[in-house]
Amino acid sequence: MTNPTLIHSPWSRPVGVRRVCDAGAMTGTWRHLPATARAIALTATTAVAAAQARDGQAYDEAVGGLAADERSGLVLGAVVRLLLEESHPDGLTGDDIRQVLTRCVQESTRWRTDVDPHVVLVLLAGALGVYDPESDESPPDAAALARHAPLLVADLLAATSVPLDDYLAAAFAEIERTERQD
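The sections below set out a description of the structure shown in this document. Given the structure is predicted, the values throughout are model-derived calculations rather than measurements.

1. Section: the overall build of the protein
Here comes step 1: Across its full length, the protein holds 7 helices and 0 strands.
Here comes step 2: Seen in sequence order, the protein has helices and strands lined up from the N terminus as α-α-α-α-α-α-α.
Here comes step 3: Out of the 182 residues in the protein, the part that is buried amounts to 46%.
Here comes step 4: Put simply, 75% of the contacts in the protein that link residues at least 6 apart link residues at least 24 apart.
Here comes step 5: Just so you have it, the protein exposes about 9000 Å², and 50% of that area is on carbon and sulfur atoms.

2. Looking at the pattern of salt bridges
Here comes step 1: Taken as a whole and assessed by the stated rule, the structure comprises 11 salt bridges.
Here comes step 2: With a shortest N-O distance of 3.8 Å, Asp 114 and Arg 147 are connected by a salt bridge. Note that Asp 114 is positioned in the loop between helix H4 (94–109) and helix H5 (117–128) and Arg 147 in helix H6 (residues 142–157), a separation of 33 residues in sequence.
Here comes step 3: For Arg 147, a relative accessible area of 30% gives the class partly exposed.
Here comes step 4: Ionic contacts of the salt-bridge type, sharing partners, join the residues Asp 60, Arg 112, Asp 114 and Arg 147 into one network.

3. Focus on the nonpolar core
Here comes step 1: In terms of nonpolar packing, the biggest core is built from 52 residues, with Val 79, Leu 124, Leu 152 and Val 153 touching the most fellow members.
Here comes step 2: Elements with a minimum of two residues in this core: helix H1 (35–53), helix H2 (56–68), helix H3 (71–87), H4, H5, H6 and helix H7 (164–181).
Here comes step 3: Sort the elements by how many residues they give to this core and H6 lands first, with 10 residues.
Here comes step 4: Residues in contact with Val 79, not counting those within four places in the same chain, are Val 153, Leu 164, Tyr 167, Leu 168 and Ala 171.

4. Regarding H7
Here comes step 1: In a regular helix each residue adds 1.5 Å, so 18 residues correspond to 26 Å; H7 covers 26 Å between its end C-alpha atoms and thus fits that length.
Here comes step 2: Among the residues of H7, Leu 164, Tyr 167, Leu 168, Ala 169, Ala 171, Phe 172, Glu 174, Ile 175, Glu 176, Thr 178 and Glu 179 are the ones counted as buried.
Here comes step 3: Of the surrounding secondary structure, the elements contacted by the buried residues of H7 are H1, H3 and H6.

Conventions used here
- Along every chain, residues carry numbers that run from 1 in the direction the sequence is written.
- Only residues with pLDDT of 70 or above have their local features reported here, since the model is predicted, and side-chain atom pairs are shown and tallied only from 80 upward, although totals for entire chains, interfaces and linings are computed over all residues.
- Excluded from the side-chain calculation are hydrogens and water; included are all heavy atoms of the structure.
- Numbering of helices and strands runs from the N terminus; a helix is a DSSP stretch of H or I covering at least four residues, while a strand is a stretch of E covering at least two.
- Exposure is judged per residue with a 1.4 Å probe applied to protein chains only, and the accessible area is read against the type maximum: over 50% gives exposed, under 20% gives buried, and values in between give partly exposed.
- Any two residues whose heavy atoms approach within 4.5 Å at even a single point are treated as in contact.
- Only the protein chains shown count as cover for residues, and the accessible areas themselves come from Shrake-Rupley with a 1.4 Å probe.
- A pair is scored as a salt bridge if a Lys or Arg side-chain nitrogen falls within 4 Å of a carboxyl oxygen belonging to Asp or Glu.
- Throughout this description, the term nonpolar core refers to a set of buried Ala, Val, Leu, Ile, Met, Phe, Trp, Tyr and Cys residues connected via side-chain atoms within 4.5 Å.
- Expected helix span is computed as 1.5 Å times (number of residues minus one).

Encoded structure:
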């Protein structure tokens with residue numbers, strides 16, 4: 001498994017993971033996390049469910065909440081990486097990334113007119129730790145990342161039989177391990 005401290009999410013900023021998960025030991029689900037972390041998980045869950053249902057109004061409302069808290073990118077970046085690892089246990093190739101990107105963009109554009117393939121690619125590269133915003137001539141802003149991340153998570157979830165709650169719990173557990181190591 002990739003060390004989460006080496007992952008450079010396009011959302012990651014020096015805000016400190018500790019502020020997301022600083023209430024002590026975690027249990028097996030995100031529902032027992034501190035209020036800030038629970039709010040991120042609930043908003044992410046709502047946004048992904050709206051993406052799965054193709055409910056534009058609910059989706060827009062939920063992604064607004066994700067964009068409002070920059071720490072949500074850290075969580076969603078970890079979820080995307082975990083989903084990629086789960087769906088590609090033997091590792092990812094360039095063709096695998098192209099397939100995920102193409103599938104996500106094609107499915108999403110069926111109900112969203114504002115899907116930007118570059119933003120989805122940035123999310124994928126960020127989750128894998130290979131995105132360098134300094135070499136990107138037009139890096140997406142936090143709002144664009146928040147609008148696209150739930151689309152990518154919903155797409156990746158379709159290939160697994162594991163509920164989003166399990167990935168969120170695993171993402172928060174990784175964040176907690178990282179902050180304990182720091």
